[in-house]
Every structure is written in C-alpha cells, then in structure tokens.
Amino acid sequence: MQDHYHAAPTGRNKPRSLHDLLYSKAIRTTFYQVLMAVAICALGLFLYNNVVDNLTRQNIATGFSFLGQVSNFEIGEKLIPYTPRSTYLNALMVGLVNTLVVSAAGIIIATVVGFMVGIARVSGNWMLERLALTYVEIVRNVPVILQAIFWIVVLRNLPPPKNAFVLGEFGFLTNRGLYFAAPASTPVHFWMWLALAFGIVACIIGTVAARRYREVTGRYVDMLLPGLALILGLPFLVWLVAGAPTEISYPVPKGFNYVGGVSISPEFTALLIGISMYASGFIAEIVRSGIQATPKGQVEAARAIALKPRFIMRYVILPQAMRVIVPPLTSQYVSLIKNSSIAVVVGYPDLVNIGNTMMNQTGQAVEAIAVMMIVYLGISLTASLVMNLFNRFVAIKER
Amino acid sequence: MKDLTKVFHSGVASATLAVMLLSVAPAAAESGDTIKAIIARGELLCGVHPSRPGFAAPDDKGNWAGFEADYCRALAAVVFGDATKVRFVALSSQQRFPGIQSGEVDVLARNVSATMGRDVSLGLNFTPPIFYTGTGFLVHVDSGIEKLEDLDGATICMAPGSTTEQNIASLFSARGMSYTPIVIEDNKQLVANYVEGRCDALAKDKAALPGVRAIDTENPEEHKMLPGIFSKEPLAMAVRQGDDHWYDLVKWTVYATFVGEEMGVSQANVDEMLQSPDPDVQIMLGVTGDLGEKMGVSQDWAYQAIKQVGNYEDIYLRHFGPGTPIELDRDLNQQWVDGGILYGFPIK
Amino acid sequence: MASPSLANPAPFDPDARMPAVEWMKRNLFKNAFQSVLTIIVSFAIMSLAWLLFRWGVLDAVFVTNDPQVCREAAGACWAVIGVKHRPMLFGLYPYEEHWRLVLMIVVYLATVVISLWPRFWNLRILVPLWIASVTAITVLMFGGVFGLRYVPSNDWGGLPLTIILFTGTVLIGMPVAVLLALGRRSPLPFARGISVIFIECLRGVPLITILFVAVNVFPLFLPQGMEVNKLLRITVGIAIFFACYQAEVIRGGLQAVPRGQYEAAASINLSYWQTTRRIILPQAMRIALPSITNHIVAAMKNTSFVIIIGLFDILTATSAVMQDPLWRRYYIEAYLFIAFIYLFFGYALSRYARQVEKWINIGRI
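Starting afresh in each chain, residues are numbered from 1 along the sequence in its written order. Just so you know, chain letters begin at A and ligand numbers begin at 1, following the order they were written in. In keeping with the model being predicted, local features are shown solely for residues with a pLDDT of at least 70 and side-chain atom pairs are shown and tallied solely at 80 or more, while totals for entire chains, interfaces and linings include all residues. Just so you know, side-chain values use all the structure's heavy atoms and leave hydrogens and water out.

Engineer: How should the packing of helix 4 (residues 126-141) of chain A against helix 2 (residues 32-58) of chain C be read in this particular structure?
Structural biologist: Relative placement of two packed helices is described by the angle separating their axes and the distance separating the axes. Where helix 4 of chain A meets helix 2 of chain C, the axes come as close as 8 Å, and the angle between the chain directions of the two elements is 40°. With respect to helix 2 of chain C, the element helix 4 of chain A is oriented oblique. Across the interface between the two elements, Met127, Leu128 and Leu131 of chain A of helix 4 of chain A pack against Leu37, Thr38, Val41, Ser42 and Ile45 of chain C of helix 2 of chain C. Grouping the amino acids of the contact of helix 4 of chain A with helix 2 of chain C by side-chain chemistry returns six nonpolar, two polar and no charged. Simply put, an axis is a line fit to the C-alpha atoms, just over the touching stretch for a helix, and the angle between two N-to-C directions goes from 0 to 180 degrees. Helix and strand definitions here come from DSSP, where helices need a minimum of 4 consecutive H or I residues and strands a minimum of 2 consecutive E residues; each element is numbered from the N-terminal end. Put simply, angles under 35 degrees are roughly parallel, angles over 145 are roughly antiparallel, angles from 65 to 115 are roughly perpendicular, and the rest are oblique. In this description, contact between two residues means that some pair of their heavy atoms is separated by no more than 4.5 Å. Three residue categories are used. Nonpolar comprises Ala, Val, Leu, Ile, Met, Phe, Trp, Tyr, Cys and Pro, charged comprises Asp, Glu, Lys and Arg, and polar comprises the others, including Gly.

Engineer: Sorry if this is basic, but what is going on with the pairing of strand 9 (residues 154-158) of chain B here?
Structural biologist: Strand residues, when the strand is regular, have side chains that alternate between the two faces of the sheet. Residues and elements named next belong to chain B. Three labels apply to residues, based on accessible area from a 1.4 Å probe with only protein chains included: buried if under 20% of the type maximum, exposed if over 50%, partly exposed otherwise in between. Counting buried positions along strand 9 yields five of five residues, so the element is predominantly enclosed. Across the two faces of strand 9 the burial is the same, with Ala154, Ile156 and Met158 and Thr155 and Cys157 all buried. Where strand 9 lies against strand 10 (residues 179-183), five bridges are found, and the strand directions are parallel. Within the sheet, the bridge partner assigned to Cys157 lies in strand 10 and is Ile182. At this point the chain moves from strand 9, through helix 6 (residues 163-174), to the parallel strand 10, and the crossover so formed is right-handed. By this definition, two strands are paired if DSSP reports at least two bridges between them. With two bridges joining them, strand 9 and strand 11 (residues 201-205) adopt parallel strand pairing. Bridge assignment links Ile156 to a residue of strand 11, and that residue is Ala201. Handedness of a crossover is defined as follows: with both strands directed away from the viewer, a clockwise route from the first strand across the helix to the second makes it right-handed.

Engineer: Sorry if this is basic, but what is going on with the interface of chain B and chain A here?
Structural biologist: How big an interface is tends to be stated in terms of the accessible area lost upon association of its parts. Counting residues at the interface gives 41 residues for chain B, matched by 32 residues for chain A. Here's the idea: put two parts together, see how much 1.4 Å probe accessible area each one loses, and the total over both is what we call buried area. Here chain B and chain A share an interface that buries about 3,000 Å² over both sides, 43% of which is from carbon and sulfur atoms. In what follows, salt bridge is the name for a side-chain nitrogen of Lys or Arg lying within 4 Å of a carboxyl oxygen of Asp or Glu. Our count for the contact surface shared by chain B and chain A stands at three salt bridges. Residues Asp200 of chain B and Arg176 of chain A are paired through a salt bridge, measuring 2.6 Å at the closest nitrogen-oxygen approach. Under this definition, polar contacts are N or O atom pairs within 3.5 Å; protein pairs additionally need one hydrogen-donor-capable and one acceptor-capable atom, and for neighbouring residues in sequence, both atoms have to be side-chain atoms. Here chain B is connected to chain A by 12 residue pairs in polar contact (both at pLDDT 80 or more). Each residue belonging to the side of chain B that touches chain A can be placed in one class, and the counts come to 16 nonpolar, 16 polar and nine charged.

Engineer: Please clarify how the sheet that holds strand 1 (residues 165-167) of chain A should be interpreted in this entry.
Structural biologist: Strands in a sheet are paired, the pairing made by backbone hydrogen bonds, and the direction either parallel or antiparallel. Residues and elements named next belong to chain A. Strand order in the open sheet formed by four strands is 1-2-3-8, with antiparallel pairing between adjacent strands. The sheet terminates laterally at strand 1 and strand 8 (262-264), the two strands that pair on one side only. On average, adjacent strands in this sheet sit at an angle of 15° to one another, irrespective of strand direction. Pairing analysis gives four bridges linking strand 2 (residues 171-174) to strand 3 (residues 177-180), with the strands arranged antiparallel. Of the residues in strand 3, the one forming a bridge with Phe172 is Tyr179.

Engineer: I'm lost on the domain arrangement of chain B in this one. Help?
Structural biologist: Residue and element names in this part refer to chain B. Split into domains, chain B comes out as domain 1 (33-133 + 234-338) and domain 2 (135-231). An automatic or database domain assignment supplies the start and end points of every domain. If you average the C-alpha positions of domain 1 and of domain 2, the two centres end up 29 Å apart. Contact residues are listed per partner, giving 19 residues for domain 1 and 18 residues for domain 2. Buried area between domain 1 and domain 2, summed over both chains or domains, comes out near 1,400 Å², and the portion from carbon and sulfur atoms is 55%. When the area that domain 1 buries against domain 2 is broken down by residue, the three leading residues are Arg52, Pro53 and Thr133, summing to 35%. If you look at where domain 1 meets domain 2, you find zero salt bridges. Here domain 1 and domain 2 share seven residue pairs in polar contact (both at pLDDT 80 or more) between them. Tallied by class, the residues present in the side of domain 1 that touches domain 2 amount to seven nonpolar, nine polar and three charged.

Okay, structure coming up:
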C-alpha cells in the first residue's frame with residue numbers, strides 16, 4: 001500500500017542543518033500528522049463541549065440509564081417475551097430480533113431469486129434473457145423505499161378478514177396478513193430443530209471428509225444424497241420416534257382476526273418483498289458476471305476430459321464463479337440488512353422503529369441514535385466477518 | 001484526459017460554490033433572549049403538526065390553518081403587532097422535541113400533552129393548556145365495536161412515542177386485555193392504515209379524531225368514535241427552559257385569549273372595548289397601565305392578539321364551531337364560569 | 001467489454017450476416033429444452049402484456065376530474081396523475097409560484113444536458129455555466145429578490161427537492177469521496193487510520209440513522225445561537241454517506257493505476273499533489289467510472305429516504321397526496337408514475353455512462 005514513491009529513502013539521510021531539518025520528509029510528515037491529530041481532537045472536543053453545554057443549559061436528561069426503565073408501550077410483533085412492563089432494553093432486543101429475522105429471510109429470498117435470475121441472464125435463451133434483464137432493470141432502479149411502500153399499500157388493500165381470499169382450508173389472505181395452517185406446536189419440534197442442526201453439521205463434516213479422502217486417494221465419494229439424507233432424514237426420524245404427531249392447527253376466525261396456525265403480517269411481508277426484490281436485482285447481475293467470468297477454455301477442457309455435465313457445473317464453473325461472486329455478494333447482504341431499517345416506513349417494529357419510539361418517549365435523541373448506530377455497526381461488521389470467512393473457504397487455494 | 005481532469009475540477013468548484021450559497025441561509029441568533037432573536041429575525045418560528053385538520057394543516061395552497069396555527073399567529077401579533085410574521089415549521093412526532101430543544105423553532109404548538117416527564121427530562125416549559133382532551137378511539141361502524149372492552153384482541157393504529165401509545169398500554173393492561181399495535185410515524189400513512197381496514201381502531205387525542213373522520217375518510221358515517229375519554233391530555237404550548245422572559249410572554253398571550261373571552265372582549269368588538277370604562281379591560285388592552293412594556297412588548301399587545309386573531313372563543317369557533325368540518329363540543333374547554341376549566345389568571 | 005462467456009447470445013441484428021431464421025435457431029430453439037422454454041416464456045410474457053395492456057390502455061381512464069368515472073372503469077385511472085400532478089411534483093411549494101419550479105427544472109435539465117456533452121468539457125465553459133445555473137436555481141427557489149416572494153426551504157418539495165438533494169449529494173459527495181480515497185491510500189499513517197475508521201463506520205450504519213443525526217442530533221453539536229439550514233444538514237448527511245461508498249470505488253481505481261505511473265511521476269520530480277492531480281486521479285477515475293456511475297444512480301434513489309424524516313420529496317409528496325379519500329384507491333397508478341420517473345433518470349444515467357466508457361475506450365477522451 002505504501003509502496004509508491006513516498007517511501008523514498010530521503011528519510012534515512014541525517015539532516016545536517018536547520019534547513020535540511022525543516023525540509024526533511026520525515027519531519028514534515030510527522031508535522032502534518034500531528035497537525036491533523038490536533039485539529040481532529042480540537043474538533044471533537046469542540047463538539048463534545050457544545051453538546052454538554054446545550055444539554056445542561058436546557059436541562060435535558062442525559063445518559064443511558066433510561067435503558068433500564070419500564071418502556072410502557074406494546075410491540076406488535078415479538079419473537080421474544082415482552083410486555084409494556086419490560087424495559088427499554090428488552091424493547092430494543094425485540095426490535096433487534098425482528099431486524100435479524102427479516103434480514104435473514106430477505107437474504108435467503110434475495111439469494112435464491114438473484115441466482116435464478118442471474119442464471120436466466122446467461123441461459124442462452126434470448127427470450128428468457130430479455131425477461132430477466134427487464135426484471136433486473138426495474139427492481140434495481142426503483143428506490144427500495146418506493147417498492148416497500150408500494151407493497152404495503154397493495155397488501156393493505158386486500159379484503160378484510162370477513163371476506164378473505166380463502167386458500168382451501170389451509171390459509172387465508174387478508175389485509176391483516178397471511179394466515180395458514182401449520183403443525184400444532186409440540187415439544188417434538190424442538191428436538192426436530194436440534195436434529196436438523198445436527199444434520200447440517202454432520203453434512204459439513206462429511207463433505208470435508210469426502211474431499212480429504214478424494215485428495216488422498218483420488219476416489220470420488222458423492223456426498224449429495226447422503227448429505228440430504230442427513231439433513232432431512234434426521235428430523236424425520238425424530239418425528240417418527242416421537243410417535244409422528246400429525247395434529248395440524250388451522251387458522252379459524254375469532255374476534256377480529258384468525259386464531260391458530262401461523263400468521264405473517266403485511267408489514268413484514270411488504271418489507272421482505274421490498275428489500276429482497278431490490279437486492280435480488282443486484283445479486284442477479286453479480287451472478288451473471290461471475291458465471292461469464294469463467295473462461296470458456298475451462299469448460300472445454302472439462303469436456304475434453306469427459307467430465308459429466310453435472311460435475312462441470314459443480315467442480316469447474318461454480319468454484320471459479322463463486323470466487324468472483326462472493327465478495328460483492330457480501331456487500332449486498334450488508335446493504336440488505338441496512339435497508340431493512342426502512343421498516344419504520346411500513347410500520348414493522350424493527351430496531352429503528354422501536355428506537356424511534358424510545359427516542360420520542362424519552363426525548364434522549366443523542367443516546368437513542370447512538371444505540372441504533374452501534375448495533376447496526378455490530379451487525380454489519382459481523383456479517384462482513386462471516387462472509388469473509390466464507391470467502392476464504394471458496395477462494396483459490398494456492399498450494 | 002486533460003478534459004476529464006477539468007471536469008473534475010469544475011465539479012469541485014461548483015460543489016464549493018453550492019455549499020457557500022446554501023450556508024448563507026439565515027442563522028438564528030438565539031442568545032438566551034428569545035424575544036430579541038425573534039425580533040432580529042423578523043418572524044416567529046412556530047413548530048406545528050404536519051397535518052392535523054382543526055389544529056394545524058396546510059391547505060392546497062400551502063396556507064396554514066387551525067387552532068394551534070392561530071395561537072402561533074397570536075404570538076406573532078403580540079411580538080410584532082403583526083399576526084402574519086410567523087413561519088410554520090411542520091415537525092413530525094420524532095422531530096418535535098429535538099426541534100424545540102435545538103432552537104429550530106421558538107415555540108412548539110404541536111398537539112403536545114403536558115406531562116411531568118416531558119417537563120423535567122426534555123428541558124421544556126409548558127404554558128397553560130390551550131386544549132383539554134383525552135385518548136379516544138375511532139372505529140368502523142360495521143365492526144360492531146361499541147365500547148372499550150370490545151377492543152380486546154384488536155389491532156390498533158397509533159403514533160410512535162405519543163402519550164396515546166403509553167395510555168393504551170396502561171388502559172389495556174389494567175383491564176387484562178390484549179391488543180396489537182401498528183405504529184407508524186407518518187400521520188397520513190397511519191390514518192390510511194386505519195381507513196383501509198388494517199387496524200380495527202385508530203387511537204388519537206379525541207379532539208383530533210373528528211378531523212380524521214371528516215377529512216380523511218370517504219364516507220364519514222361509516223366511522224364513529226367510541227364514547228368516553230380515556231386519559232388526560234392537556235395540550236399545551238412548550239418553550240425551552242431557561243428563558244423566563246419568553247415563557248412569560250407565551251403564557252400571558254394564552255391567558256389574554258382566556259380573559260378576553262371571559263370579559264367579553266372579542267375580535268368583533270375589541271375596538272369599541274378600547275372605550276370600555278371597565279378598569280380590567282383597560283389594563284388588558286393597554287389603555288392604562290404599563291404591563292405590556294414590563295413584559296418587553298408594546299402596550300397594546302393583547303389588543304393586537306385579539307384584534308388580529310381573536311379571543312379563545314373566536315379561535316375555537318373558527319376551527320371547531322358549528323358549520324366547520326370538525327364540530328366539537330367545548331366540553332372542558334369552556335370558561336370556568338361556564339363549567340369548563342379554562343381559568344385565565346387576572347391580567348392586572 | 002465483451003468478456004468470454006459460456007452462453008453469450010449474439011445480439012439480434014437484422015443487418016448482420018446471420019439470417020433471422022439462423023439467429024432464432026441459435027438463440028431460441030437450440031434444442032428441445034430451449035424450445036419448450038421459449039414457448040413457455042413467450043406465453044407468459046404475452047399473457048402478462050395483454051393483461052397490462054387491457055388494464056393500462058383499453059379499460060383505462062385517461063382524463064377526468066370526476067373520481068366516479070374512474071370508479072366505473074375496469075382499468076387504470078391515469079386521470080389521477082392529471083388531477084394530482086401539481087402536489088405530487090411540487091409538494092407544498094406555494095401554488096401560485098409553481099411556475100418558478102417549472103423554470104427551475106428547465107434550467108437544471110439544460111445545464112445537465114450541456115455538461116454531459118463532451119464538446120463543452122472545458123473549465124471555461126462549465127464553471128461559469130454551473131455558477132450561473134446554481135445562482136439562478138437558488139434565486140428561483142428562495143425568491144426574496146426581483147419581486148419574487150420569499151419561500152423558505154422548509155416549504156420546498158416534490159421533484160425540485162429531489163433534484164436539489166441529488167445534485168447536492170453528488171456535488172458535495174464527490175470531492176469528499178476523492179479526499180477520503182486519497183486519505184485511505186495516504187503515506188501518512190494517521191490520515192490513513194482516520195479515513196479507514198470514518199469510511200468503515202459510516203458504511204456500517206443505515207442511511208436512516210445518519211439522517212436522524214442530521215435532523216435531530218446535529219443542532220445540539222453546534223454552539224448556542226448557531227444554526228445550519230435543515231435542508232443543508234440533510235443534503236450533507238446523504239452526501240457523506242454517498243462519499244464513503246464512492247471513496248471505496250475510487251480507491252479501487254487508485255489501486256489499479258500501474259505502479260510505473262507513480263515511479264514515472266517521481267522520476268520527473270512531481271510533488272505528491274501534482275502526481276495525484278495530474279497523473280493518478282484522472283486514470284483512477286476512468287478505471288472506476290462504471291462503479292462511480294452505479295453509486296451516483298444509487299444516490300438518486302437514496303434521496304427517497306428523506307420520507308422517513310418527513311421532507312417533502314417526490315415520494316413523500318405522492319404518498320401524502322394519495323391519502324385523499326376520493327382518489328386513494330388509485331395509488332398503483334400514482335406510484336407507477338413516480339417509479340417511472342426514477343426508472344427514466346436511472347436508466348438514462350447508466351446509458352450515458354456506458355457511452356462515456358465507449359468514448360474512453362476509443363480514446364476520444
């Protein structure tokens with residue numbers, strides 16, 4: 001990084017006179033940096049003093065002690081226990097979990113749609129390619145906020161629960177959200193999730209082991225089917241062992257809404273569609289350029305050694321494409337997480353929305369905004385870290 | 001290549017220029033003496049609700065109308081003798097407190113309920129309330145909701161960080177009822193959520209609901225308010241702490257509108273009242289005494305406020321009286337002599 | 001820029017040597033699978049197009065002042081745009097003064113079109129042009145002179161506000177981006193550290209929180225009695241966010257400049273700033289041009305975030321206008337109209353950028 005001309009060896013010559021001293025690169029460089037440091041410290045001090053002065057003069061409360069106070073407001077969607085008697089910190093946690101849930105769902109959908117559209121962009125079928133291109137141009141060029149607002153208004157204009165769109169007896173589509181039947185909750189589900197997690201870990205270990213084995217012996221072990229069997233089979237086995245509970249909870253109209261089953265709110269849906277469609281356009285372009293970046297010769301060479309087409313995709317094109325795809329994909333994921341903060345426009349109780357209420361109630365704007373910024377910074381840095389690890393995994397191995 | 005550099009240079013140059021042009025926007029000198037700053041600026045900066053028909057809302061031509069907008073005008077009349085020297089700054093519920101704290105506005109007349117928490121932790125001083133109301137609910141007529149208890153399990157639309165939000169949490173938990181809040185900052189979006197049926201009820205200050213019903217719905221008769229008032233919401237103007245001078249002026253302007261109505265001095269008869277033999281009227285209108293000067297404004301301050309804007313009754317009837325889109329009973333907002341709780345301190 | 005691709009279809013060009021039938025064989029009906037795909041996709045496109053056509057043209061109402069007419073029609077109600085276009089495009093700006101906004105848009109577009117023309121890429125033309133046009137726009141927007149009514153920036157809205165936010169973002173953001181990028185590659189460790197921290201911290205938070213800071217918190221950081229215009233605060237907020245992304249793009253360009261260029265500059269004893277200004281930056285900017293344009297388009301879309309802080313840009317104005325109970329149900333038409341405006345400018349900008357890339361590649365600039 002510092003390898004350009006500045007690293008000229010002038011600094012090594014001992015300055016002889018005052019003139020030399022003043023004009024020596026090392027001295028001047030240090031001087032500039034000290035100047036910069038002083039300027040920045042002074043600016044920081046100036047701003048800090050102003051804030052302290054303004055807040056104390058006007059008698060505005062400061063500090064983070066409000067986080068421990070009772071929040072006294074209800075939250076519409078919560079995945080962890082919370083009541084209006086809980087503290088502001090609890091409320092923020094609810095918001096954080098909501099942000100993470102909508103972001104995770106958004107990342108999955110955006111990736112799936114993005115890869116599908118991206119592959120369609122290079123499918124070799126002119127018609128499909130044009131269609132994919134149109135999709136990409138539209139979702140990329142319309143602001144994500146406009147997309148989210150559009151979807152929330154569409155969803156709000158669905159029929160009310162009384163005359164819902166009925167999807168068999170399994171689901172109802174209303175302006176209150178989508179209600180659908182789901183297996184009634186039993187303790188078995190917990191063990192099934194555990195089995196699923198175990199299956200995924202086992203599958204990863206198996207794949208790595210198979211690769212080692214191949215590298216050592218040259219014999220190929222296909223881990224696709226065993227892997228799937230591990231991931232899907234284990235939870236199924238747990239379910240069978242637990243006596244195969246088949247009870248299904250159906251949504252039934254009661255009071256203002258439906259009770260039973262699973263429901264997804266319009267706010268969540270609109271935000272999810274908005275942020276994932278927006279991101280899918282960018283991901284599609286990333287995937288397209290990744291695939292196109294694989295030199296033709298690689299495929300030809302693979303064909304020449306009679307590799308099965310399935311293997312060509314898996315062992316020749318994808319590994320090389322992934323190397324190009326993953327780094328920009330990381331920044332798309334991070335920006336999707338950050339885009340989820342537009343939830344405040346549609347009314348989904350994410351971190352910013354809760355933080356906003358907190359800011360209004362306590363009036364401590366500086367602290368509330370600082371909390372939001374720090375949490376997002378943490379999320380973004382974690383996401384980058386995870387994706388960088390993944391990148392190391394797919395990056396070219398130089399041996 | 002050279003040209004590209006030049007383009008870049010011209011970009012830098014124009015950016016600098018743009019910044020310079022934009023920053024010459026007048027900076028308010030606010031040195032603890034708000035009145036002086038207002039006079040130096042030539043206009044009063046009044047923080048109002050972006051869109052609350054009846055209290056403050058711009059019409060199609062961008063002119064502000066409403067009860068609270070008129071109180072801003074009355075203040076301008078007191079300070080300048082000219083009710084038009086006011087600039088309305090629409091503040092969202094998120095920006096209202098930072099707006100007054102940072103000096104973006106001189107006074108907040110934005111449907112703010114005076115509470116002790118806000119008084120002591122936000123660095124605010126509240127004037128005497130200009131409107132007494134409480135939390136109310138607007139519901140769809142065909143929903144069959146008749147009373148608060150029917151709202152158990154309902155979805156309710158409300159604004160973030162409002163006292164309404166807290167009242168409902170207390171109301172429902174006291175009755176062991178549950179609800180799902182839909183919280184949206186933007187008032188128009190919030191109302192749309194209710195009107196389009198996303199929420200069973202819209203919760204707001206009761207005084208704000210008739211405006212929603214009359215103006216934001218297609219068929220007002222399809223919506224009704226639940227009977228009863230569910231909390232105390234004294235809507236008051238707010239100023240920053242630390243400038244007693246300005247606080248006094250705002251406070252006594254409010255009282256002047258109260259006392260004006262009590263003494264029968266209205267916009268219509270204020271000129272005749274200048275000849276009134278009643279010493280109290282003479283003092284208030286500045287015919288005798290020097291109270292105006294002592295407050296730091298001209299002697300005829302109350303005369304100007306009543307002449308140009310009106311007394312409490314004038315202002316009330318203009319926006320909530322019979323024949324307006326939003327008819328509201330005066331209820332608590334009557335003079336103490338008429339059974340209300342408006343009680344202007346004597347101006348003498 | 002044609003990269004070797006696995007399946008890059010030839011562009012459809014009737015004048016090319018390939019006959020249409022041959023082209024179709026290759027790009028539409030290569031094998032059974034492709035043929036089925038083509039048929040399915042064409043069917044889907046055609047039925048979708050027919051539905052849209054029926055809704056948007058055949059059954060649509062184009063001009064009326066009566067919402068009842070729209071209610072009886074089965075299709076789109078484009079009349080809503082005719083009825084509501086003024087509050088949508090101009091927001092809360094005083095109604096009688098709307099002509100000033102029309103003039104402002106004309107002046108702005110003219111300036112932009114001239115600036116995009118390589119023939120005028122000359123400092124002596126561009127600087128006076130922009131000074132004149134920024135002055136004219138300022139006068140038109142604020143008024144207060146030449147008998148124009150004074151309109152405070154609080155009352156600005158609609159498309160002009162979007163334009164001002166966008167242009168301000170780019171004009172303020174680009175120089176900051178260049179400084180940050182240079183800072184990040186600076187030989188001074190301190191400057192490097194500060195730039196890295198600044199860029200990474202701002203890129204790690206959502207734009208919304210920066211807007212919150214600009215609107216709600218920043219005034220508290222100023223000494224008592226000092227105030228910065230709210231619109232300026234917001235513009236600078238968006239601009240700094242923009243600059244942090246742009247800085248990374250420019251840094252990519254800087255890194256791609258061959259080392260020999262630095263060495264050559266050093267050998268003729270150019271100073272750091274001379275080297276940067278005359279040798280390195282012009283090359284780096286050219287290398288980074290495609291990504292720079294992407295972020296400029298993104299900046300235009302990002303201006304819509306001001307809806308969260310209640311600034312009346314074109315999106316906020318539209319969503320406020322669409323609460324009118326009489327016209328509320330035609331929100332799809334209104335939002336499509338706004339989306340089309342964004343699409344148009346975004347698409348035009350990226351097409352122009354591609355043209356500039358071409359000019360660069362053939363050595364015209």
